[in-house]
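Letter by letter, the chains look like this.
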Amino acid sequence: MEGGSPDQESVGSGTRRSSVSGGSRSRNRKEFLHKLVDSEGLTENLVDWFELISANKNPTFDVPFELIDLQKFDYALEGISFQQLIRMPSAVYASTSEAAEATAYFAVEDFLHASVKGLWEAFWSQDEPMPFSVSCLYSENLKFYQAEKAIANGKLGGLCGTGILLNNPRHPHGKWDHILELALLRPDIGNLAVENEGQPSLAVLGEALFYATRILLSRSLSRLNFSNSSNSVFIILVDSQFGGVVKVEGDVNKLELNVNNVYGCAAEWIKSHSRIAVSPIDRIWNKLGNANWGDIGALQVLFATFHSIVQFAGVPKHSVEDLAADHGSRLQTRRVERQLGDTKVNGTGLFRFQQRTVSPEIVEVQDESTRIESELMKLQVGSVLWVEDSNWQKGYQINEVLSTGEHPYYVASPVEDPGKSIFLYVGSHPSQLEPAWEGMNLWYQVQRQTKILTTMKLKGLSSKYLPQLSASGRIIHPGQCQRTSSGGNCDHPWCGTPILVTSPVGETVADMVNGGRFGVDEAIRCCHDCLSALSTAASAGIRHGDIRPQNVIFMRTGVRHPHFVLIGWGHAVLEERDRPAMNLHFSSTFALQEGKLCSASDAESLVYMLYFCCGGPLPDLDSVEGALQWRETSWSRRLIQQKLGDVSTMLKAFADYVDSLCGTPYPMNYDIWLSRLRRNIQEEDNGKEIDTS
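Residues numbered from 1 in each chain as written. Predicted model: local features only at pLDDT ≥ 70, side-chain atom pairs only at ≥ 80, totals over all residues. Heavy atoms only, no water.

1. Describing the overall build of the protein chain
Step number 1: The secondary structure content of the protein chain amounts to 21 helices and 17 strands.
Step number 2: The proportion of buried residues among the 693 residues of the protein chain is 51%.
Step number 3: Considering only contacts within the protein chain whose residues lie at least 6 apart along the sequence, 69% involve residues at least 24 apart.
Step number 4: Entry remark: accessible area of the protein chain is about 33,600 Å², with carbon and sulfur atoms responsible for 48%. (Helix = DSSP H or I, 4+ residues; strand = E, 2+ residues; numbered from the N terminus. Buried < 20%, exposed > 50% of the residue type's maximum accessible area, 1.4 Å probe, protein only. Contact = heavy atoms within 4.5 Å. Areas by Shrake-Rupley, 256 points an atom, 1.4 Å probe, with all protein chains shown as cover.)

See the structure below:
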């Protein structure tokens, strides 16, 4: 749920205040923070707001993580060992004794320690010591103590949370700006969530918002260098079985610092200037007190911890994508270990069962046309595929089989219009709740791209440089469909498989480069046409996020003026929570560092694509750290500008312009560069082309 969009610009990008004014505001903020000490005071000011949003029929809050991102993170964690040594006391057998409560705090502390240690060694460094520690928060003085020491000193009743903090020997009791994340151990988180339709109660949520506000205020006063995502914080909610994640994001510079009304001002900031996301409450510990590390409850806590580490330690040496990509090879190794014969895995991530048993009973043999086969759908040239939507059925004949390097896609023609060519993409079956890593890429190519192109169509975006959604629907499989309702699927392995049909059809830039058909004129035209597509999409708040030679096609036949079309919109960014594709050669610097796009990110990716397609040497990159180092070296030595300058002074100037914008909040000036590039395009008929996009 959005109370209001947090300001994405840095504090320094605004008008500078005088040192006197800045010092006065800093003192006011410190005094405000000093008085913000009671969570109940804040909760009381949020009662009406909470009741209002709870009455809404829509989900009260957004979720902090999409399921597809959690699945990718799950693949990345394969082979990483997490071990909680102190068991969580079971709610079934635990009494209300102090011993059980103390053990619960020990268990939470050990759980967080195992989490942050495992993540640090897997993603950042196995050699360098972990720069974090775990301690419990004492409510009376808001300082941190080791659980064992605090309980030995009689502070058990005053413990109110457990935090992961940056190590600082000068401050053994911790500093609030050193908190990565905070976990609140509260009774009956799971039961209260059931009563509130999966959401935490106001009392628990109000407490989480209180601590989140304190942490963000403390960071704004800190001398530490945070990443650009430091305006968000994760609060973990747990009991002895269940847990969830609350993410609070916002610019505390918009907080009114009235020291006589700290709780009213804090509540108003939460309502109007923060973005709150709450995950589903799910089981973390089993009845033996062991954490279910591979289940979604623990996984979303681990993902929150991962993002919290990024804020303090920066981009990891090994990205999630790097580690998740090893899933396929691990899968193949497992099949070899089990001696399953053919080691090829089909596109659904399921294996064909090769052994057959003979039943002594007489069985009915099904007709060949209706027999269900458990193998991947294979389309060949000449095959006809029928697609249905709620209102129509259409047939498409396959004319050519192409490949993205990961999955096949097809050039086809409608049965009723054989002279027309379209791109046809076949998705993964909807029953794949946990698709293989390859299946996730297929989901982006078909299901997600269908959503993006539909959104473009609904928003009225039209340009010859953008692909058009021709049709989308579900495959009509051979034999009689046995599904019971219009929304369900039968047992046939093809039933319900999504299909996406787009136009126009052209040759990819990758194929043009391989064939020696990408020259100076093509480079300038490609830059102009892709920028025009990006400009049109940006007018509706859509960014591409996956620019590479395979996602740009050239239209040469059947058009008056040859032009390029920017395709492959499956990874497009519509909302703040969307994440672009991660490509070591073509992703922008900001995307690799933050997992997000800035205003110039797509243009930066376009520059890399032109650089490599115009003969720039392709570096051997195997990690995000190496990719960032290559970018820093190439830009600082002006290697990219020099190479593009050999092709066109206009492309060199454009690269300089993009370099000046990289990582800043300043918007791209598309119009001026489209005008400059248009003047450099050589029209084959010496006539003038009117750009209607």
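2. Comments concerning the packing of helix α19 (residues 639-647) against helix α20 (residues 649-661)
Step number 1: At their nearest, the axes of α19 and α20 sit 6 Å apart, and the two run at 155° to each other. With respect to α20, the axis of α19 lies roughly antiparallel. Facing Gln641, Leu644, Gly645 and Val647 of α19, the residues of α20 in contact are Thr649, Leu651, Lys652, Ala655, Asp656 and Asp659.
Step number 2: When its residues are assigned to classes, the contact of α19 with α20 shows four nonpolar, three polar and three charged. (Axes fitted to C-alpha atoms, helices over the stretch in contact; angles between N-to-C directions. Parallel < 35°, antiparallel > 145°, perpendicular 65-115°, else oblique. Nonpolar A, V, L, I, M, F, W, Y, C, P; charged D, E, K, R; others polar.)

3. Section: the sheet that holds strand β17 (residues 563-566)
Step number 1: Taking strand neighbours across the sheet as the criterion, the three strands line up as β15-β16-β17 in an open arrangement whose pairing is antiparallel. Since the sheet does not close on itself, it has two edges, and those belong to β15 (507-508) and β17, each with one partner.
Step number 2: Inspection of the sheet shows strand β16 (residues 552-555) paired to β17 by four bridges, in the antiparallel sense. In the sheet register, Phe554 faces β17, and the bridge partner there is Phe564.
Step number 3: Sitting on the sheet, helix α15 (residues 520-538) touches β16 and β17, and the angle it makes with β17 is about 40°. (Pairing = 2+ DSSP bridges.)

4. A few points about the side chain of Asp529
Step number 1: Along the chain, Asp529 turns up in helix α15.
Step number 2: One buried charged residue, Asp529, remains without a salt bridge, the closest side chain of opposite sign being Arg525 at 5.1 Å.
Step number 3: With residues up to four places along the chain from it excluded, the contact list for Asp529 reads Tyr465, His563 and Phe564. (Lys, Arg positive; Asp, Glu negative; His and termini not counted. Salt bridge = Lys/Arg side-chain N within 4 Å of Asp/Glu carboxyl O.)

5. Some details on the pairing of strand β1 (residues 132-138)
On any regular strand, side chains alternate: one points to one face of the sheet, the next to the other face.
Step number 1: For β1, a buried count of six out of seven residues is recorded, marking the element as mostly surrounded by other parts of the structure.
Step number 2: Alignment of β1 against strand β3 (residues 159-166), held across seven bridges, turns out to be antiparallel. The residue bridging Val134 from the neighbouring strand is Ile164, located in β3.
Step number 3: Sheet topology note: the β1/strand β2 (residues 143-145) ladder contains three bridges and is antiparallel. Its bridge partner lying in β2, Leu137 is registered against Phe144.
Step number 4: Taken together, β1 and the strand that follows it, β2, pair antiparallel across an intervening segment of four residues, in which Leu142 is found at a positive phi of about 55°.

6. Notes on the packing of aromatic side chains
Step number 1: Inspection of every chain in the model, using the stated rule, returns 33 aromatic pairs.
Step number 2: Plain terms: the ring middles of Phe303 and Phe306 are 6.2 Å apart, the flat faces sit at 20° to each other, and that makes the pair stacked. A residue pair is termed a helical-turn pair when its members lie 3 or 4 positions apart in one helix, as Phe303 and Phe306 do in helix α10 (residues 296-313) at three residues.
Step number 3: Overall, Phe303 belongs to the buried group, its relative accessible area being 8%.
Step number 4: According to the relative accessible area criterion, Phe306 is buried, its value standing at 6%.
Step number 5: Every member of this aromatic cluster is reached through a ring pair, and the members are Phe65, Phe73, Trp120, Phe123, Trp124, Phe132, Phe234, Phe303 and Phe306.
Step number 6: Its guanidinium or amino end placed over the ring of Phe242, Arg283 lies 5.0 Å from that ring's centre, counting from NZ or CZ. (Phe/Tyr/Trp six-rings, centres within 6.5 Å; stacked < 30°, edge-to-face > 60°. Lys NZ or Arg CZ within 6 Å of the ring centre and 35° of its normal.)

7. Details of the side chain of Arg448
Step number 1: With respect to the secondary-structure elements, Arg448 resides in helix α13 (residues 437-458).
Step number 2: Classification of Arg448 as buried rests on a relative accessible area of 8%.
Step number 3: Only 3.0 Å separates the side chain of Arg448 from the backbone oxygen of Gly570, close enough to count as a polar contact.
Step number 4: In this structure Arg448 touches Trp443, Gly570, His571, Ala572, Leu574 and Asp578, once residues within four positions along its chain are discounted. (Polar contact = N/O pair within 3.5 Å; in protein donor to acceptor, adjacent residues only side chain to side chain.)

8. Examining the pattern of salt bridges
Step number 1: This model, assessed by the stated rule, comprises ten salt bridges.
Step number 2: Notably, a salt bridge pairs Arg275 with Glu249, separated by 3.7 Å at the nearest N-O pair. Taken together, the residues span a long stretch of sequence, with Arg275 in strand β7 (residues 274-278) and Glu249 in strand β6 (residues 242-250) at a distance of 26 residues. Taken as a pair, Arg275 and Glu249 share a single burial class, namely buried.

9. Topic: α20
Step number 1: Taking 1.5 Å per residue, 13 residues should reach 18 Å; α20 reaches 19 Å between its end C-alpha atoms and fits that length.
Step number 2: The complete set of buried residues in α20 reads Met650, Leu651, Phe654, Ala655, Tyr657, Val658 and Leu661. Relative to the axis of α20, the buried residues are bounded by an arc of 160° and lie together on one face.
Step number 3: In this structure, the buried residues of α20 make contact with α15, α17 (601-613), α18 (624-636), α19 and α21 (670-679). (Expected span 1.5 Å × (residues − 1). Arc of directions from axis to C-beta.)

10. What about the packing of helix α5 (residues 98-124) against α10?
Step number 1: Between α5 and α10, the shortest axis-to-axis distance is 10 Å and the interhelical angle comes to 60°. Between α5 and α10, the angle is such that the two are oblique. Of the two elements, α5 crosses α10, and the hand of that crossing is right-handed. Taking contact as the criterion, the partners of Phe111, Ser115, Val116, Leu119, Trp120, Phe123 and Trp124 in α5 are, on α10, Val301, Leu302, Thr305, Phe306, Ile309, Val310 and Ala313.
Step number 2: Across the contact of α5 with α10, the residue classes tally to twelve nonpolar, two polar and no charged. (Left-handed = near helix turned anticlockwise from the far one by under 90°.)

11. Considering the sheet that holds strand β9 (residues 384-388)
Step number 1: The strand order around the closed barrel built from six strands is β9-β10-β11-β12-β14-β13, with neighbouring strands paired in antiparallel fashion. With direction set aside, neighbouring strand axes in the sheet form an average angle of 45°.

12. Remarks on α21
Step number 1: Buried residues of α21: Tyr670, Trp673, Leu674 and Leu677, and no others. For α21, the angular spread of buried residues about the axis comes to 105°, placing them on one side. Within α21, the exposed residues directed more than 90 degrees away from the buried face are Asp671 and Arg679.
Step number 2: Looking at the buried side of α21, the elements it contacts are α15 and α20.

13. Description of unusual backbone geometry
Step number 1: A cis amide bond, omega 5°, links Ser503 with the succeeding residue Pro504.
Step number 2: The residue Pro504 is located in the loop between β14 (498-503) and β15 in this model.
Step number 3: Phi at Leu142 is positive, roughly 55°, even though this residue is not glycine.
Step number 4: Following the sequence through the fold, Leu142 ends up in the loop between β1 and β2.

14. Notes on the confidence of the model for the protein chain
Step number 1: For the protein chain, the average pLDDT comes to 82, and 82% of its residues sit at 70 or higher.
Step number 2: Under a pLDDT of 50 for its full length, residues 683-693 has, in the predicted model, 19 contacts with residues more than four places off or in other chains. (pLDDT = per-residue confidence, 0-100.)

15. Observations regarding the environment of Phe144
Step number 1: Structurally, Phe144 can be placed in strand β2.
Step number 2: By relative accessible area, which is 2% here, Phe144 ends up buried.
Step number 3: Separated by 27 residues in the primary sequence, Phe144 and His171 have C-alpha atoms spaced 9.8 Å apart.
Step number 4: Contacts of Phe144, omitting those with residues within four sequence positions, involve Ser135, Cys136, Leu137, Gly163, Leu165, Pro172, His173, Ile179 and Leu182.

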